[in-house]
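Architecture and fold: a report
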Amino acid sequence: MLRRSLPRGGRWDRRRRLGQPDTSEGCGRAPDQPTPGAAGGPCFPPPGRPTTPLPSASCRGGMKLRSHRLPLAYSTQLAPEASAENCNRAALFAKAEELLVKRMASGDPVAWFLRGQLYYEEGLYEEALIQFEKIKDVDLQAMYQLGVMHYDGLGTTEDPERGVEYMKKILYSDSPEARHLKFAAAYNLGRAYYEGCGVKQSTEEAERLWLFAADHGNPKASIKAQSTLGMLYSVSAQKDLKKAFFWHSEACGNGSLESQGALGVMYLYGQGIGQNTKAALECLREAAQRGNIYAQGHLVEYYYNRKFYSTAAAVAKRITDHDDIDKLAKITDCLPTYVAKGVAMAAFYFGRCLQLGLGVQQDQAAAAKYYSRLWFWPTILRPCQF
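First, a word on what this report is: a plain description of the structure on this page. What you are looking at is a predicted structure, and each value in this text was computed from that prediction instead of being measured.

Before going further, it helps to examine unusual backbone geometry. In terms of backbone geometry, most residues other than glycine have negative phi values and most peptide bonds are trans. The phi angle at D215 is positive, at roughly 50°, despite the residue not being glycine. By the secondary structure assignment, D215 is in the loop between α8 (203-214) and α9 (223-235).

Laid out in structure tokens, this is it:
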């Protein structure tokens, strides 16, 4: 799992968030960017290549969201001494499982949940489901995990109605054991209403639940909800770029990698805030270093448009070596849509460098190969839109 470190300097400077008003017109293409199709500017992929839209969410279109990770009330570290470098993963798993079985036999109630969580984290979802089912009535963390598994179809067939039922029980529970789960449960319920899975679709109800989960930017609330609100206010009928900037700032200050990249793009193109190239590059470079592929793609575009062709080609080549979008999204906890956009942007500009021999040796055949990976061509031509 990627460690969610804070951006340099902790929470983002409020003065930077509020910046000076932009005097340019709207959030259009930056003045020094070439017009698409103009000499020296981006060109379309070779004729005849179809552009394939992204798959939509399982129940409806829009943002392809992921469930909120379980907020744990206590550490799940079982045996610190087992983390020595000479222990392989299988040995660590076997040792942890053996330890938990002993703790369960001795009457440790926490061990029952930890065993299910061990299976869950190892991707053994059917075993995890069985374990969580045994204790769901006495352990709300187990109920939470069951809600996620039924909604997402992990270890069982998808049953979003049951997933919604469990999340509602947690959200409206009076038990002190539910307190640390409520923000995450509210985020997941918001996702269900946004996607129209298990409940009647309602973007307004999703927004209400995400606002509750975000809790005014509270770092102990749902950072994922804060970041998702930033996305919601960027792309939906509720579009409000100032609100988007605010929520991405809150999420970024609380450690969100996704929002750090989004802030960089907003600063770069003056969306919801005055255009500020210095702040944009700081956000994008830090996010890129932390693994944000979307930020890396925008850096490639920035380097290319400023004729730093060798740098653009080198960064783009590294990005295009990635071909498992879902794996990258899981590792970085970023939306697959934006990971794929970053890869597509890199593929286009690397193809452009290869086609024209800019920063690399000219190679028309290789250029055509990279052009074929463009899934998001219309989005690439409109960088001011998330």
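Attention now goes to the pattern of salt bridges. Tallied over the full model, the rule gives 13 salt bridges. Residues E133 and K136 are paired through a salt bridge, measuring 3.1 Å at the closest nitrogen-oxygen approach. Exposure remark for E133: the relative accessible area of 27% places this residue in the partly exposed category. Salt-bridge contacts for K224 lead to D333; the nearest nitrogen and oxygen are separated by 3.0 Å. Note that K224 is positioned in helix α9 and D333 in the loop between α15 (325-332) and α16 (336-356), a separation of 109 residues in sequence. Take K224 and D333: they sit in the same class, and that class is buried. Residues participating in the shared-partner salt-bridge network are D152, R191 and E195.

Following the sequence through the fold, Q131 ends up in helix α4 (residues 125-135). Excluding residues within four positions of it along the chain, Q131 makes contact with M104, W112, R115 and G116.

Listed in full, the buried residues belonging to helix α17 (residues 364-371) are A366, A367, Y370 and Y371. Seen along its axis, α17 keeps its buried residues to an arc of 140°; they face one direction. Of the surrounding elements, those touching the buried residues of α17 are α14 (309-320) and α16.

The rules behind these values
Residues numbered from 1 in each chain as written. Predicted model: local features only at pLDDT ≥ 70, side-chain atom pairs only at ≥ 80, totals over all residues. Heavy atoms only, no water. Helix = DSSP H or I, 4+ residues; strand = E, 2+ residues; numbered from the N terminus. Salt bridge = Lys/Arg side-chain N within 4 Å of Asp/Glu carboxyl O. Buried < 20%, exposed > 50% of the residue type's maximum accessible area, 1.4 Å probe, protein only. Contact = heavy atoms within 4.5 Å. Arc of directions from axis to C-beta.

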